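This is what each chain is made of:
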Amino acid sequence: MMNRSTFSRSAGTHETLDDGLTQLPEIPFARSSSEGSACTTRVFAHIDDIGAHRWDELMAVCEAPVFYRSEYLRAFEQRPLHDLSRRIYLVAAGDDGGLRFGLPAYVQRGVDPMRVLADHFPDLADGTVLLSHVWHCYDTHLPARVLDASTMRTVLDALRGVANAAGAAGFGFVNVEAGGALARVLEEAGVRGVDIDRRFTIDLSDFADLDDYLAVLPRKERGNLVRYLRRADDAGVDVELGAPADGDLDGFVALARRNATKYGNAGYYQPGVFQDFVRGLGPAAQLLEMRHAGRLAGAVIALLDKNRFHFWACGCDYRAIPKVSPFYLGFTHLMRAAIDAGLPTFEMGRRNETFKLRYGLAPRTVRAYLLATDSPDTERQTRRVRNP
């Protein structure tokens with residue numbers, strides 16, 4: 001069974017993380033002849049020990065999503081949104097000090113908010129695992145200047161070593177896009193992927209404004225969004241998009257927890273911790289608030305990176321505005337903001353598939369690629385997880 005209490009962390013308990021794995025032996029990293037130099041692989045416990053500037057330079061070159069930016073990783077260090085035993089950053093650096101690849105991964109036990117382990121790897125559901133990325137990330141990458149078989153062998157060997165040292169039964173990647181670069185290299189390495197979910201995106205490149213998006217929708221769906229915009233305007237609903245630090249994050253968390261309670265997942269939004277985490281994201285996050293008669297009717301947290309506008313988290317009071325869904329209204333306003341920002345992709349993450357398909361978003365299957373560790377005492381626990 002999935003442990004439903006895994007998000008009960010109180011604010012500040014992240015200080016107890018065991019960083020004893022931070023000094024793994026340096027591993028020579030043999031590049032292909034075209035790369036022309038050797039690299040050294042190391043493990044760090046803090047993003048600032050690597051150097052945020054050189055980390056972010058690699059992430060920018062690789063066009064990694066916001067979940068890999070130093071602000072996001074630092075915020076997760078300071079206010080982890082779910083329980084962790086250890087965190088690591090696995091990096092390879094060349095002779096010039098520049099990073100060749102960088103990967104965050106986390107040792108955890110009994111944390112499974114999306115039921116990935118419970119439904120697909122039940123023998124690992126209550127055990128210790130080393131996973132990349134965190135569960136609040138739905139688009140896992142291995143940011144690397146050259147993502148090839150040599151890089152993957154080095155990464156898998158290093159992750160196996162960390163997992164063994166942590167006493168983990170399994171390790172690997174979750175929420176990897178099927179058919180993407182990381183999936184292909186993992187499969188070439190003999191690691192079998194399991195379909196676990198779908199995330200949803202839409203290409204905004206052809207839209208100059210919101211009207212262009214509305215024009216491609218079926219008549220009924222277009223009518224729904226236009227009607228909610230008109231009703232909200234007639235009702236005097238105030239809609240504002242701004243910095244989370246200037247908004248009502250406490251109100252957002254209250255709404256989001258109320259909505260999530262019916263799915264048994266209110267712990268996804270830990271009071272206090274979640275607010276501090278979002279504030280720590282700085283300009284990478286925006287908060288859309290919808291108010292009616294002075295009352296917070298709905299709020300959406302958006303995340304931004306170089307290529308994507310993420311509809312990341314939402315909380316709604318569906319009784320607050322007569323004949324208006326705050327979810328539909330928030331979606332429409334964020335779609336307008338994304339198009340106005342000139343970003344090519346609008347990302348809506350996982351679940352709520354019926355709505356996303358109706359409103360033009362395309363599904364992208366995501367997979368988990370998990371391997372067993374070498375420890376003999378984990379053999380029975382991991383009988384369903386096969387090594388390459």
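Up top you'll find the structure we're talking about.
Residues numbered from 1 in each chain as written. Predicted model: local features only at pLDDT ≥ 70, side-chain atom pairs only at ≥ 80, totals over all residues. Heavy atoms only, no water.

**A look at unusual backbone geometry**
Across residues other than glycine, the phi torsion is negative in most instances, and most of the peptide bonds are trans. Note that the residue after S132, namely H133, is joined by a cis bond; omega there is 0°. By the secondary structure assignment, H133 is in the loop between β5 (128-132) and α5 (149-165). Although it is not a glycine, R115 adopts a positive phi angle of roughly 60°. In this structure, R115 sits in the loop between β4 (99-109) and α4 (116-120). At R351, a position not held by glycine, the phi torsion is positive, near 70°. Following the sequence through the fold, R351 ends up in the loop between β12 (345-350) and α12 (353-358). (Helix = DSSP H or I, 4+ residues; strand = E, 2+ residues; numbered from the N terminus.)

**Looking at the nonpolar core**
Core analysis: the largest hydrophobic core is formed by 44 residues, its most contacted members being F274, I301 and W312. Broken down by element, the residue count for this core peaks at 5 residues, all from helix α9 (residues 249-261). Ranked by size, the runner-up nonpolar core spans 41 residues in total, among them L210, L214, L225 and L343. (Core = buried A, V, L, I, M, F, W, Y, C linked by side-chain atoms within 4.5 Å. Buried < 20%, exposed > 50% of the residue type's maximum accessible area, 1.4 Å probe, protein only.)

**Re the pattern of salt bridges**
The tally for this structure, following the rule as stated, stands at 21 salt bridges. As a salt-bridge pair, R69 and E71 come within 3.0 Å of each other at their nearest N and O atoms. On the basis of relative accessibility, which here comes to 25%, the residue R69 falls in the partly exposed class. Between D119 and R115 there is a salt bridge; the shortest N-O distance is 3.1 Å. We classify D119 as partly exposed; its relative accessible area is 46%. Each of D139, E177, R199, E347 and R364 takes part in salt bridges that share partners, so that together they form one network. (Salt bridge = Lys/Arg side-chain N within 4 Å of Asp/Glu carboxyl O.)

That's the geometry; what it means functionally is another story.
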